[in-house]
Amino acid sequence: MRNATVTRNTAETKITVEIGLDGTGQYDNQTGVGFFDHMLDQLARHSLIDMKIRCEGDLHIDDHHTVEDVGITLGQALTQAMGDKRGIVRYGACLLPMDDALVRAALDLSARPFLVWNVALPTTKIGTFDTELVREFFQAFSTHGGITLHVDCLHGINSHHIAEAAFKAVARGLRDALEVDPRKSDAIPSTKGAL
């Protein structure tokens with residue numbers, strides 16, 4: 001089974017992430033940031049990655065350290081759970097509609113992190129959540145997960161819908177990329193022989 005548990009403790013956050021890549025999308029995420037928990041739940045449910053996250057962060061300052069550090073730790077857990085990536089499909093993409101929003105995500109589990117983020121959120125807040133933190137999460141997650149990740153918002157007027165569509169689109173891309181290819185289940189998906 002492709003599972004991982006990663007703990008990360010700093011002066012700003014104390015985080016434990018448990019994931020199972022061959023799960024059913026069960027989730028139990030508690031970061032102290034309600035909207036962010038909702039997004040992490042979407043990420044788990046639509047990627048079929050079982051996910052349990054606990055974070056105690058310096059929320060008396062703001063949500064930034066919590067969101068970014070969870071992205072770092074989740075990316076590290078993903079890297080650990082994938083191992084040498086033998087048998088994975090490697091690539092995934094999704095064009096995801098959510099009401100007014102239409103978001104495209106394409107990714108490569110390449111071990112070459114790069115984020116292309118063409119997502120404009122029309123408001124600075126979703127409830128009390130700073131919308132700029134959506135990008136911060138994906139920057140940290142892609143960097144520490146070794147993911148080449150492109151996210152583009154093609155349409156959208158509601159910040160909540162756009163953000164949620166982004167998380168769901170990335171989740172569906174991850175679901176496809178992490179699947180074991182039945183035609184090459186014993187091979188690393190690269191002509192280099194390593195990822």
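For the structure given in this document, a descriptive report is provided here.

Conventions and cut-offs
Residues numbered from 1 in each chain as written. Predicted model: local features only at pLDDT ≥ 70, side-chain atom pairs only at ≥ 80, totals over all residues. Heavy atoms only, no water. Helix = DSSP H or I, 4+ residues; strand = E, 2+ residues; numbered from the N terminus. Expected span 1.5 Å × (residues − 1). Buried < 20%, exposed > 50% of the residue type's maximum accessible area, 1.4 Å probe, protein only. Polar contact = N/O pair within 3.5 Å; in protein donor to acceptor, adjacent residues only side chain to side chain. Pairing = 2+ DSSP bridges. Phe/Tyr/Trp six-rings, centres within 6.5 Å; stacked < 30°, edge-to-face > 60°.

## Thoughts on helix 4 (residues 159-178)
- With 20 residues, helix 4 ought to run about 28 Å at 1.5 Å a step, and its terminal C-alpha atoms sit 28 Å apart, in line with that.
- Within helix 4, 16 of the 20 residues are buried, which leaves it mostly tucked inside the rest of the structure.
- For helix 4, the capping residue at the N-terminal end is N158, with a side-chain oxygen 3.0 Å from the backbone nitrogen of H160.

## A few points about the pairing of strand 6 (residues 101-108)
- In terms of residue burial, strand 6 counts as a mostly covered element, since six of its eight residues are buried.
- Sheet analysis places strand 5 (residues 91-98) next to strand 6, joined by eight bridges and oriented antiparallel. By the bridge assignment, P97 is partnered in strand 6 with L102.

## Thoughts on the packing of aromatic side chains
- Applying the stated criterion across every chain yields a total of seven aromatic pairs.
- Between the aromatic rings of F137 and F138, the centroid separation amounts to 5.1 Å while the plane-to-plane angle is 75°, which identifies the pairing as edge-to-face.
- The class for F137 is buried, based on a relative accessible area of 0%.
- Centroid distance F138 to F167: 4.7 Å. Interplanar angle 50°. Geometry classified as tilted. Of this pair, F138 sits in helix 3 (residues 132-145) while F167 is found in helix 4, placing the two residues 29 residues apart along the sequence.
- You can call F138 buried: its relative accessible area is 0%.
- Each residue in the set F36, W117, F137, F138, F141 and F167 is aromatic and connected to the rest through ring pairs, giving one cluster.

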